Amino acid sequence: MAGSVVIVGGTAGIGRDLANYYAGRGRSVVLTGRDATTAAKVASEVGGSTQGVALHLAKPHEIAGNLAGLGPVDHLVLAAIDRDANNVKAYDIAAAVHLVTLKLVGYTEVVHSLADRLTGAGSILLFGGMARERPYPGSTTVSSINAGVIGMVRTLSVEMAPVRVNSIHPGIVGDSPFWAGKPLDAIVANTLTGRLATMADVVNASVFLLENHAVNGVDLVVDGGWR
Ligand SMILES: NC(=O)c1ccc[n+]([C@@H]2O[C@H](COP(=O)([O-])OP(=O)(O)OC[C@H]3O[C@@H](n4cnc5c(N)ncnc54)[C@H](OP(=O)(O)O)[C@@H]3O)[C@@H](O)[C@H]2O)c1
């Protein structure tokens, strides 16, 4: 029997669309969010063989216990984010520690916790983002952690071999819930394609990274040439 597709940060946005993609193709999906009730509700909405699990990435000591009930895992997607606005002149240390822990320690601890259940039939996909190259006011921590994802791919692809590890770095995803209702015309004007990346573009690229058996250690930019 095939292992599951685990999507950390699967209750909303791109992670949820990936859960829909794989559940729609008959895969067993485990999606996570911080709250058990929300995760269970989203899992039932996604349907098929989908299970919701509560997991808080900024509480890394609890992650192994949160994931203890899972069986074999083919694909592991780490998509969760809890954005903040922080800059060095008005530095909020608590917010920075929270976000650095969430992405750099939390993502890594999920991989550690599931390491002995990764079947090798699939791969690991980490989400970064283009704030690493295109900072904006308040992006100090977001830019740092998204750049950190590249370092994680380097080391994890070696340490987890033969399991493949890649990352995806979307530009602004124009139809994602986070950007809904926000002015984006000036950003669209700066793209080469005249359009922003879409949720469907990012799901498509994610599936490529997860499933192509020769793609390993790749940090894929999906921004239509925005950078
Ligand atoms: N949207 C974009 O334009 C864009 C651009 C570049 C990169 N990205 C990257 O793409 C990924 C997905 O982005 P998105 O906009 O689709 O996300 P989103 O809609 O904001 O969803 C975030 C997800 O993360 C979960 N989450 C938040 N805090 C968490 C925590 N402390 N522990 C565990 N889970 C937590 C949320 O679940 P609960 O709320 O249920 O806990 C939710 O499932 C992120 O890594 C983001 O950095 C997005």
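Everything below is about the structure printed above this text.
Summarised in this report is the structure supplied together with it.

Calculation rules
Residues numbered from 1 in each chain as written. Predicted model: local features only at pLDDT ≥ 70, side-chain atom pairs only at ≥ 80, totals over all residues. Heavy atoms only, no water. Helix = DSSP H or I, 4+ residues; strand = E, 2+ residues; numbered from the N terminus. Rg over C-alpha atoms; globule rule 2.2 N^0.38 Å. Buried < 20%, exposed > 50% of the residue type's maximum accessible area, 1.4 Å probe, protein only. Contact = heavy atoms within 4.5 Å. Areas by Shrake-Rupley, 256 points an atom, 1.4 Å probe, with all protein chains shown as cover. Lys, Arg positive; Asp, Glu negative; His and termini not counted. Charge placed at Lys NZ, Arg CZ, Asp CG, Glu CD. Phe/Tyr/Trp six-rings, centres within 6.5 Å; stacked < 30°, edge-to-face > 60°. Lys NZ or Arg CZ within 6 Å of the ring centre and 35° of its normal. Polar contact = N/O pair within 3.5 Å; in protein donor to acceptor, adjacent residues only side chain to side chain. Core = buried A, V, L, I, M, F, W, Y, C linked by side-chain atoms within 4.5 Å. Pairing = 2+ DSSP bridges. Right-handed = clockwise from strand over helix to strand, strands pointing away. Patch = residues over 30% accessible without salt bridge, like charges linked within 9 Å, V, L, I, M, F, W, Y side chains within 5 Å. Salt bridge = Lys/Arg side-chain N within 4 Å of Asp/Glu carboxyl O. Axes fitted to C-alpha atoms, helices over the stretch in contact; angles between N-to-C directions. Parallel < 35°, antiparallel > 145°, perpendicular 65-115°, else oblique. Left-handed = near helix turned anticlockwise from the far one by under 90°.

**Quick look at the overall build of the chain**
Next, step 1: Secondary structure assignment for the chain yields 7 helices and 7 strands.
Next, step 2: Secondary structure elements of the chain occur, N-terminal to C-terminal, as β-α-β-α-β-α-β-α-β-α-β-α-α-β.
Next, step 3: Relative to its length of 227 residues, the chain is compact, with a C-alpha radius of gyration of 17 Å against a globular reference of 17 Å.
Next, step 4: For the chain, the spread of C-alpha atoms along the principal axes amounts to about 50 × 40 × 35 Å.
Next, step 5: Residue burial in the chain is summarised as follows: out of 227 residues, 50% are buried.
Next, step 6: A fraction of 67% describes how many contacts in the chain between residues 6 or more apart in sequence connect residues 24 or more apart.
Next, step 7: Accessible area of the chain: about 10300 Å², with a carbon and sulfur share of 56%.
Next, step 8: Mean positive and mean negative side-chain charge positions of the chain (17 and 18 charges, respectively) differ by 3 Å.

**Some words on the packing of aromatic side chains**
Next, step 1: If you walk through the whole model with that rule in mind, you get 2 aromatic pairs.
Next, step 2: Centre to centre, the rings of Phe178 and Trp179 are 5.1 Å apart; their planes meet at 85°, and the pair counts as edge-to-face.
Next, step 3: Under the relative-accessibility criterion, Phe178 is labelled partly exposed at 32%.
Next, step 4: For Trp179, a relative accessible area of 24% gives the class partly exposed.
Next, step 5: Sitting above the plane of the Phe178 ring, Lys182 keeps its charged end 3.5 Å from the centroid.

**Quick look at the side chain of Asn166**
Next, step 1: Secondary-structure assignment places Asn166 in strand E6 (residues 164-170).
Next, step 2: At 3.5 Å, the side chain of Asn166 and the backbone nitrogen of Asn216 are in polar contact.
Next, step 3: Beyond its immediate chain neighbours, meaning those up to four positions away, Asn166 contacts Ile124, Leu125, Leu126, Val153, Leu209, Val215, Asn216, Gly217 and Val218.

**Structural notes on the nonpolar core**
Next, step 1: Membership of the largest hydrophobic core comes to 60 residues, with the highest contact counts inside it found for Leu76, Val110, Ile124 and Phe127.
Next, step 2: Sort the elements by how many residues they give to this core and helix H7 (residues 199-211) lands first, with 7 residues.
Next, step 3: In this view, Leu76 contacts Val6, Val8, Val110, Val111, Leu114, Leu118, Ser123, Ile124, Leu125 and Leu210; residues no more than four positions away in its chain are not counted.

**Topic: the pairing of strand E3 (residues 50-54)**
Next, step 1: When strand E2 (residues 29-33) meets E3, the two strands line up parallel, connected through 5 bridges. Residue Val30 lies in a different strand from E3, and its bridge partner there is Gln51.
Next, step 2: As a crossover connection, the stretch from E2 through helix H2 (residues 36-46) into E3 is right-handed.

**Quick look at a nonpolar patch on the surface**
Next, step 1: Taken together, the side chains of Tyr91, Ile93 and Val97 make up a nonpolar region of the molecular surface, amounting to roughly 310 Å² of accessible area.
Next, step 2: Its place among the elements puts Val97 in helix H4 (residues 93-114).

**Some words on the packing of helix H1 (residues 13-24) against H2**
Next, step 1: At a closest axis distance of 10 Å, the pairing of H1 and H2 adopts a crossing angle of 40°. With respect to H2, the axis of H1 lies oblique. Judged by the sense of rotation from one axis to the other, the crossing of H1 with H2 is right-handed. Seen from H1, the contacting residues are Arg16, Ala19, Asn20 and Ala23; seen from H2, they are Val42, Glu45 and Val46.

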